[in-house]
Amino acid sequence: MSQFNISFMTTKYLLFFSLLFLVCSLAIAQKSPAAAVDARTGLPSSPGSQPAAMAPQTVAQLALEKGLAELDLGLYPGSLLMHAMSELAVVQKDDQLLKQALELFAKFKNKEINGRGSFISYGVGGSGAAYLNYLKKTDQLAQQVRTEADNMVKNQKRSSEGILTANWAKDSLDQVFIDIAFAVTPYLLYSGLAFDKPEYVDLAIHETLELFKVLKDPNGLLHQARGFQGYGKVSEDNWSRGNGWGAFALATLVRDLPRSHPKKKEVDRVAKEFFTTVLKYQNAEGMWHQEMIDTSSFVETSGSGLLLYGLGIAIENKIISRSHLPAFKKGLSGYLAYITRDGSVSHTCIGCLAPGKGTKQDYVNHKWKLNDSHAFGPVVLAFTQAAKMGIKEVKPLHGLGYYAALEQESRRPRTYVRYMPEANGNILWENDRIAFRVYGPPVKDRVSSGIDVWTKSVSYPIIDKWYRLNAEGKEYHVDRGEGNDFFHVGFGRGNGGTAIWHEGKPYISQPYATHRILKNTDEEIAFELVYAPWEVGNFKVSERKVISMKMGTNLFKVESTFQTDHKGPLTVGIGISYADKPELITDSQKGMLAVWESYLPKNGELGTVVLANPDIIRGFAPYGKEHFMLVNAKPGKPITYYAGAGWNKSPQFKIKQDWLTYLQQELTELAF
């Protein structure tokens, strides 16, 4: 057959099989079902899939439903959610949602929902009821809204400036806080407009403008509070939710205060200055941090949501330029990374009112949680405002719930060991209760083979986080609500380090020479340390140590094997370092060396321990600021012991007796 015929036939077969593949592919595509979609939310139902974009009202509805399921509506976060629900019903022209809101407000009237808290307006469900009544969406709310408005004007406590403040506020300290603008301004504004009570409208305006004067920072943002650290003393923060409360109150005045009111121009001027300043501190993903000017603090979602709501209203009402609309949209996209498909919301600061000394650091240290009660209302408000402005869809910046999922994973309790070449070769390990560290070879001029303690008051891993914060200038020697490292080791044994006891004193090795991680699972870690030979009098000793730890304990297990050219047995000292005047407990029959020591006032109290088989214990001995358990060892034969620590700021221990009781329980279960 000619070369031409072979080439021709080859080409025909290639064309035939190419066409066959195409037809089969089309057939398969036609038969393949479309990606499953949740009929209620319109989101892909596959857990791994992410929507390209979402309608803002869909996001608002998700957060609303989650909030209604989670919250006690009688408390002020419930009032915020009810106001947001009211706005969503109005914007969507949703009769069913409006009916649901009215039914909930009716439950405040008949006391099925116990509205309570710092302000009288909470008794009827807050400003959402006043808003719907003002818009004449119902005639069912007029009586209860008016009664509580009259009651609040008459009976709510006031500051020296006439600011309506919490009834529990101390007159002697003249206490006010920006949160109260949320409780007072919209409620009295809508009540005054609905019932032709201009004095109520004036009070609503006075509340917010006066708070902005009292609490304004020279940088244009707001502080949260005055009078909580002393008379006339203003907190030092620029807290995100505090600024969000101010944004909420100011935005309602911008939107609904009649243009004819004498104070309208002043309100608009204050709003323009404030929202222009707020935009300066928006991060690259459109959100704001817990401490707004400190970008190392966590992104805080409730403040971000309230600020977005206010910014949207300011743009819509031409208080600030429409050129800021991209910044508003960017914020919505960034927000979605903290909202999950079931409406959960992460990174929301827990309840916060002038914590500690009211410093910026006190606010930075304040914790956030998933689905905190403050989480839901701001989401509903921000995305409802977006829908009102005609925004049809919002695309998640990193995928729906991206950061929420990351944080949930990072906060999953587990055991963990990490070798850190970037941190002098240190090796750290932890479980759901406590953490420890040994030092690497590069720092042998400052430390040796002792074991450091890192205290924890949380069950999730902290090692990676603390090193990351330390690299940002936030050292792990400071307790930021999770624990810290205050235990000093230096050249000591720390918590269970070993030495060879010879002629009345300890001989210690340098930091480990080599290491090997043997296991690093969620339930257990194990690693090996090899210590190069060191001199003990006229002979040398080397050590191989295997450390392991499981979940649910404050102890780690050690198996140490010593090699030596020494003729005869070895005495090993297992030591505990202390700072000042510890309470020591030595019990050779139980095989226990325990220490309880105060590190007050800053760092609480700490218990440390070494536990070993009583059959190998020779005795106990002090040396400097350390105490040793002395045990018999044979070259080449491992000795097994346990060491660990318990902190009185952790959930497990509060006093010394808690620690000792725990140790007694452990002694009955340990295997040597």
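Predicted, not measured: the structure shown is a model, and the values here were computed from it.

Enquirer: Pulling in residues and values, what's your account of the packing of aromatic side chains?
Expert: Counted under the stated rule, the structure contains 35 aromatic pairs. Aromatic side chains Trp501 and Phe628 sit 5.3 Å apart centroid to centroid with 55° between the ring planes, which places their arrangement in the tilted category. With Trp501 in strand β9 (residues 495–502) and Phe628 in strand β20 (residues 626–633), this pair connects stretches of sequence that are 127 residues apart. Judged on exposure class, the residue Trp501 and its partner Phe628 are both buried. Relative to Trp659, the ring of Phe653 has its centre 5.3 Å away and its plane inclined at 90°; by these criteria the two rings are edge-to-face.

Enquirer: So what's going on with the confidence of the model for the chain? Residues and values would help.
Expert: This prediction gives the chain a mean pLDDT of 91; 92% of its residues lie at or above 70. Residue range residues 1–49 is modelled with pLDDT below 50. Its contacts to residues more than four positions away, or to other chains, number 28 contacts.

Enquirer: Help me get a handle on empty space enclosed by the protein, residues and values and all.
Expert: By the definition in use, this model includes one cavity of 30 Å³ or more. Of the volumes computed, that of the largest cavity is approximately 30 Å³. Every residue along the wall of the largest cavity is listed here: Ser79, Ser121, Tyr122, Gly126, Ser127, Phe182, Ala183 and Tyr187. At three residues, helix α7 (residues 179–194) tops the list of elements feeding residues into the lining of the largest cavity. Counted by class, the lining of the largest cavity contains four nonpolar, four polar and no charged residues.

Enquirer: Go over the state of the cysteines, please, and point to the residues and values.
Expert: In total, this model carries zero disulfides according to the counting rule given. Distance from the sulfur of Cys349, which forms no disulfide, to the nearest cysteine sulfur (Cys352) is 4.5 Å. Taking the relative accessible area as the measure of exposure, Cys352 reaches 8% and is therefore buried.

Enquirer: Outline the nonpolar core, supporting the account with residue identities and numerical values.
Expert: Soluble globular proteins tend to bury their nonpolar side chains together. Ranked by internal contacts, the top residues of the largest apolar core, which has 125 residues, are Leu188, Phe274, Phe275, Phe328, Leu332 and Phe383. Among the elements that make up this core, the one with the highest residue count is helix α8 (residues 198–215) (10 residues). Aside from chain neighbours lying at most four places away, what touches Leu188 is Ala149, Met152, Val153, Leu164, Tyr200, Val201, Leu203 and Ala204. One finds Val447, Tyr507, Leu529 and Ile547 within the second-largest nonpolar core, a separate group that totals 49 residues.

Enquirer: Explain the side chain of Asp485 to me, and be specific about the residues and the numbers.
Expert: With respect to the helices, strands and loops of the structure, Asp485 is situated in the loop between α16 (463–471) and β9. Reaching out from Asp485, the side chain makes a polar contact with the side chain of Arg437 at a distance of 3.1 Å. If we skip the residues at most four places from it in the chain, Asp485 touches Arg437, Asp452, Val453, Trp454, Trp466, Tyr476 and His477.

Enquirer: Now, about the side chain of Ser346: what can you tell me, with residues and values included?
Expert: Mapped onto the secondary structure, Ser346 falls in the loop between α12 (325–335) and β3 (348–349). Residue classification places Ser346 among the buried positions, given a relative accessible area of 1%. In this structure the side chain of Ser346 is engaged in a polar contact, spanning 2.9 Å, whose partner is the side chain of His347. Excluding anything up to four places from it in sequence, Ser346 contacts Thr301, Tyr338, Trp368, Lys369, Leu370, Tyr403 and Ala404.

Enquirer: Mind laying out the pairing of strand β14 (residues 555–564), listing which residues take part and the relevant values?
Expert: With seven of 10 residues buried, β14 is to be regarded as a mostly interior element. Where strand β13 (residues 539–550) meets β14, eight bridges bridge the pair, whose relative direction is antiparallel. Paired with Arg544 across the bridge in β14 is Thr561. Connecting β13 to the next strand, β14, in antiparallel fashion are four residues, including Gly552 with a positive phi near 75°. Note that β14 and strand β21 (residues 639–647) share six bridges and pair antiparallel. The partner of Leu555 across the bridge, within β21, is Gly644.

Enquirer: Outline unusual backbone geometry, listing residues and values.
Expert: Here the amide bond leading from Leu600 into Pro601 is cis, since omega sits at 5°, within 30 degrees of zero. Residue placement: Pro601 occurs in the loop between β17 (592–598) and β18 (605–612). Within the chain, Lys111 stands out as a residue other than glycine whose phi angle is a positive 70°. One can find Lys111 in the loop between α4 (95–109) and α5 (127–134). When its relative accessible area of 57% is taken as the criterion, Lys111 is described as exposed.

Enquirer: Let's hear about helix α9 (residues 240–256): which residues, and what values?
Expert: Each α-helix winds once per 3.6 residues, and so residues spaced three or four apart point in a common direction. Over its 17 residues, α9 extends 24 Å from the first C-alpha to the last, a length consistent with the 24 Å expected when each residue adds 1.5 Å. For α9, the tally of buried residues reaches 17 of 17 residues, placing the bulk of the element in the interior.

Enquirer: Could you give an account of helix α3 (residues 76–92), naming the residues involved and the relevant values?
Expert: For α3, with 17 residues, the first-to-last C-alpha span of 24 Å sits near the 24 Å given by 1.5 Å per residue. Two residues or fewer after α3 comes Lys93, characterised by a positive phi angle close to 50°.

Enquirer: Quick rundown of the sheet that holds β21? Include the residues and the values.
Expert: Strand order in this open sheet of eight strands is β11-β12-β13-β14-β21-β18-β17-β16, and the pairing throughout is antiparallel. A strand with exactly one partner marks an edge of an open sheet, and here the two such strands are β11 (514–520) and β16 (583–587). The sheet shows a mean angle of 15° between the axes of neighbouring strands, taken without regard to direction. Most of the contacts of helix α17 (residues 656–667) go to β17, to which it runs at about 160°, and overall it touches β14, β16, β17, β18 and β21.

Enquirer: Requested: an account of the layout of surface pockets, with residues and values cited.
Expert: Here the largest pocket defines a volume of roughly 1,000 Å³. The set of elements that each furnish at least two residues to the lining of the largest pocket consists of α13 (360–365), α15 (402–410) and α16. No other element matches the six residues that α16 contributes to the lining of the largest pocket. Grouping the amino acids of the lining of the largest pocket by side-chain chemistry returns 17 nonpolar, 10 polar and 13 charged.

Enquirer: A description of the environment of Asp445 should follow, citing residues and the corresponding values.
Expert: Tracing the backbone through its elements, the reader meets Asp445 in the loop between β7 (434–438) and β8 (451–455). Sequence spacing of Asp445 and Pro511 is 66 residues, and the spatial spacing of their C-alpha atoms is 9.6 Å.

Enquirer: Residue-level account of the pattern of salt bridges, with values.
Expert: Summed over the entire model, instances satisfying the criterion amount to 30 salt bridges. Here Lys474 makes a salt bridge to Asp294, at a shortest N to O gap of 3.9 Å. Residue Lys474 is found in the loop between α16 and β9, and its partner Asp294 is found in the loop between α10 (264–280) and α11 (301–316); the two are separated by 180 residues along the sequence. Lys519 is paired through a salt bridge with Glu524; the nearest N and O atoms lie 3.4 Å apart. A relative accessible area of 35% means that Lys519 is categorised as partly exposed.

Enquirer: With reference to specific residues and values, describe the packing of α8 against α10.
Expert: At a minimum axis distance of 11 Å, the contact between α8 and α10 shows a crossing angle of 40°. With respect to α10, the element α8 is oriented oblique. Crossing hand, α8 versus α10: left-handed. Each of Ile205, Leu209, Phe212 and Lys213 in α8 lies in contact with α10, whose residues at this interface are Glu266, Val267, Val270 and Phe274. Looking at the contact of α8 with α10, its residues break down into six nonpolar, no polar and two charged.

About the cut-offs
Residues numbered from 1 in each chain as written. Predicted model: local features only at pLDDT ≥ 70, side-chain atom pairs only at ≥ 80, totals over all residues. Heavy atoms only, no water. Phe/Tyr/Trp six-rings, centres within 6.5 Å; stacked < 30°, edge-to-face > 60°. Helix = DSSP H or I, 4+ residues; strand = E, 2+ residues; numbered from the N terminus. Buried < 20%, exposed > 50% of the residue type's maximum accessible area, 1.4 Å probe, protein only. pLDDT = per-residue confidence, 0-100. Contact = heavy atoms within 4.5 Å. 1 Å grid on protein atoms, 1.4 Å probe; cavity = no way out; pocket = protein on both sides within 12 Å on 5 of 7 lines; lining within 4 Å. Points joined across faces, edges and corners; volume = space filled by probe spheres on them. Nonpolar A, V, L, I, M, F, W, Y, C, P; charged D, E, K, R; others polar. Disulfide = S-S within 2.5 Å. Core = buried A, V, L, I, M, F, W, Y, C linked by side-chain atoms within 4.5 Å. Polar contact = N/O pair within 3.5 Å; in protein donor to acceptor, adjacent residues only side chain to side chain. Pairing = 2+ DSSP bridges. Expected span 1.5 Å × (residues − 1). Axes fitted to C-alpha atoms, helices over the stretch in contact; angles between N-to-C directions. Salt bridge = Lys/Arg side-chain N within 4 Å of Asp/Glu carboxyl O. Parallel < 35°, antiparallel > 145°, perpendicular 65-115°, else oblique. Left-handed = near helix turned anticlockwise from the far one by under 90°.

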